[in-house]
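Fold and geometry: a report
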Amino acid sequence: MDKLRITGQRTLQGVVQASGAKNAALPLIAAALLTAETVQLSNAPQLMDVRTLAKLLRSLGAQVEQDGGQIRLSAAAVNHYEASYELVKTMRASVLVLGPLLARFGQARVSLPGGCAIGARPVDQHIKGLQALGADIAVEHGYIVARVATPSGRLRGARITTDMVTVTGTENLMMAATLAEGETLIDNAAREPEIVDLANLLRAMGAQIRGDGTSQIRIQGVDALHGASHRIIPDRIEVGTFLCAALAARGDVTVQGAEPSHQDALLDKLREAGAQIDTGADWIRLRADALPGGRPRAVSVRTTEYPGFATDMQAQFMAVNCLAEGAARMTETIFENRFMHVQELMRLGAQIDIDGHTCVVHGVPQLSGATVMATDLRASAGLVVAALAAEGETVIDRIYHLDRGYDAMEVKLRGVGAQIERISDRISGK
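Residues numbered from 1 in each chain as written. Predicted model: local features only at pLDDT ≥ 70, side-chain atom pairs only at ≥ 80, totals over all residues. Heavy atoms only, no water.

The next point concerns the nonpolar core. Judged by nonpolar contacts, the single largest core of 78 residues is most densely connected at Met174 and Leu202. Among the elements that take part in this core, helix 1 (residues 22–31) stands out by supplying seven residues, more than any other. Setting aside residues up to four positions removed in sequence, Met174 forms contacts with Ile186, Ile195, Leu198, Ala199, Leu202, Ile209, Ile217 and Ile219. Counting 72 residues, the second-largest nonpolar core is a separate cluster that includes Ala288, Val299, Cys322 and Leu383. (Core = buried A, V, L, I, M, F, W, Y, C linked by side-chain atoms within 4.5 Å. Buried < 20%, exposed > 50% of the residue type's maximum accessible area, 1.4 Å probe, protein only. Helix = DSSP H or I, 4+ residues; strand = E, 2+ residues; numbered from the N terminus. Contact = heavy atoms within 4.5 Å.)

And the structure:
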């Protein structure tokens, strides 16, 4: 099992390149199921989650070829409509094949995703929306079994109001509605940049969609979609992670290939903490080498749906607050178990009080290296940020979580001066 060994308090300086967004790539790959023609994606991140979804599409009969950041997908020969538990259990986003399979083939059998370390992520809104579109859905033996139940054999447009904002739910319903008869209105839709990226691909494939990026998305169904080429947007969470690392380690780092307009909430908080931020068309530079007093200011945050402060940035920003002047209140409103990294940060010397969905972080002048354990993807990233600023050596165990969402993170960080290496039990002799 791989680990990361980090010797902290090294100056971070230079340019790091952003990868394509994991949370955009996954629904884009699933969208290839909507057509028999070829879909080509560029700027794809080379991640475990991407490989898992590619494996799932191959199990359905699709052809998937990946060469670096290029992915070529053809669903012309799909003849199997079941996403098995063995594949879905490793990645909840596998449920994104439900809508496309149902819309194009009239049937789907998709395993329920099961538990998640950071809390419940129910698929009831997916089911509710697809039923409104005319699907007959039952849950049998741990599987969602869905069939189109309309006389025409096609889904039909409907007005869908979700009970909560759900990103994957919005994506599944968008994809299903592209091939439905008539117009679909999705109310209370997610507004994330990844939603807009999916809409852009679907429009390139011939879909009629408007309102993406707002809470109301209108889709006029078409008879068929065709192939298309599309470049995946930058990963705003990876970009934000590198910016937090630069602030915690008091460096000067430019993230190239970024989209500054996707980062407004985070950039506001980083500026409030004392960082100097400059942006260009496709880059963000953070300077923390001249912080007043040498430490960032403590900044309180409350996670919420986009365009608010992202839950996926909470752990990384908490690591910054651990070293800040003063105390900050951090409130998590999206997931109920997303403070599991707190105990690990405290092993590094952080002072944090937890009260339900809120943490109070009391900044300390210095963290010290220790052995810690990653509990989920973003917790892993938070521990990396803290370790880069800590005195001495930190070993982060279970970094398979990190590999799900960060493309060669240790290589990129070494490129800006971090002392970080990947080790394994075989090499360390443990």
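This paragraph deals with the pattern of salt bridges. Here the idea is simple: oppositely charged side chains can pair when their charged atoms come close. Counted by the stated rule, this structure contains 22 salt bridges. For Lys22, the salt bridge goes to Asp49, with nearest N and O atoms at 3.3 Å. Taken together, the residues Lys22 in helix 1 and Asp49 in helix 2 (residues 48–59) connect sequence positions 27 residues apart. For Lys22, a relative accessible area of 6% translates into the label buried. Asp312 is the salt-bridge partner of Arg378, the closest N and O atoms lying 3.8 Å from each other. Here Arg378 is found in helix 12 (residues 377–389), whereas its partner Asp312 is found in the loop between strand 18 (301–302) and helix 10 (314–321), with 66 residues between them in sequence. On the basis of relative accessibility, which here comes to 3%, the residue Arg378 falls in the buried class. The structure contains a network of salt bridges with shared partners spanning Asp2, Asp403, Glu410 and Arg422. (Salt bridge = Lys/Arg side-chain N within 4 Å of Asp/Glu carboxyl O.)

Moving on, we get to the sheet that holds strand 24 (residues 419–424). A sheet is described by the order of its strands in space; here four strands give the open sequence 22-23-1-24, paired in mixed fashion. Edge positions in the sheet fall to strand 22 (371–373) and strand 24, since each of these pairs with one other strand and no more. For this sheet, the mean angle separating the axes of adjacent strands, direction not counted, is 25 degrees. Pairing of strand 1 (residues 2–7) with strand 24, which is carried by six bridges, proceeds in the antiparallel orientation. Bridge assignment links Thr7 to a residue of strand 24, and that residue is Gln419. (Pairing = 2+ DSSP bridges. Axes fitted to C-alpha atoms, helices over the stretch in contact; angles between N-to-C directions.)

Attention shifts here to the environment of Ile195. Position of Ile195 among the secondary structure elements: in helix 7 (residues 193–204). Sequence separation between Ile195 and Val167 is 28 residues; the distance between their C-alpha atoms is 7.4 Å. Apart from residues lying up to four places away in sequence, Ile195 is in contact with Val167, Thr170, Glu171, Met174, Ala190 and Ile217.

The side chains of a regular strand alternate between the sheet's two faces. Of the pairings in the sheet, the one linking strand 3 (residues 38–42) to strand 5 (residues 70–74) comprises four bridges and is antiparallel in character. By the bridge assignment, Gln40 is partnered in strand 5 with Arg72.

Before going further, it helps to spend a moment on helix 9 (residues 264–272). Within helix 9, the full set of buried residues consists of Leu266, Leu267 and Leu270. For helix 9, the buried positions fall inside an angular range of 95 degrees around the axis, keeping them on one side. Each element contacted by the buried residues of helix 9 is listed here: helix 8 (236–248), strand 16 (276–279), strand 17 (283–287) and helix 10. Looking one or two places after helix 9, you find Gly274, whose phi comes out positive at around 110 degrees. (Arc of directions from axis to C-beta.)

For the structure on display, the rule yields two aromatic pairs. Between Tyr81 and Phe105, the aromatic rings sit 5.1 Å apart at their centres with planes inclined by 40 degrees, giving tilted as the arrangement. Taken together, the residues span a long stretch of sequence, with Tyr81 in the loop between strand 5 and strand 6 (82–83) and Phe105 in helix 4 (residues 98–105) at a distance of 24 residues. Of note, Arg109 hangs over the ring of Tyr143, and the distance from its end group to the ring centre comes to 4.0 Å. (Phe/Tyr/Trp six-rings, centres within 6.5 Å; stacked < 30°, edge-to-face > 60°. Lys NZ or Arg CZ within 6 Å of the ring centre and 35° of its normal.)

Once that is clear, we can look at helix 8. Taking 1.5 Å per residue as the helical rise, helix 8 with its 13 residues ought to reach 18 Å, and the 18 Å between its terminal C-alpha atoms agrees with that figure. Burial runs high along helix 8: 13 of the 13 residues are buried. Its side-chain oxygen at 3.0 Å from the backbone nitrogen of Ile237, Asp235 defines the N-terminal cap of helix 8. Count one or two residues on from helix 8 and you reach Arg250, which has phi positive near 55 degrees. (Expected span 1.5 Å × (residues − 1). Polar contact = N/O pair within 3.5 Å; in protein donor to acceptor, adjacent residues only side chain to side chain.)

Along the chain, Thr52 turns up in helix 2. The exposure class assigned to Thr52 is buried, which follows from its relative accessible area of 15%. Excluding residues within four positions of it along the chain, Thr52 makes contact with Leu87, Thr90 and Met91.

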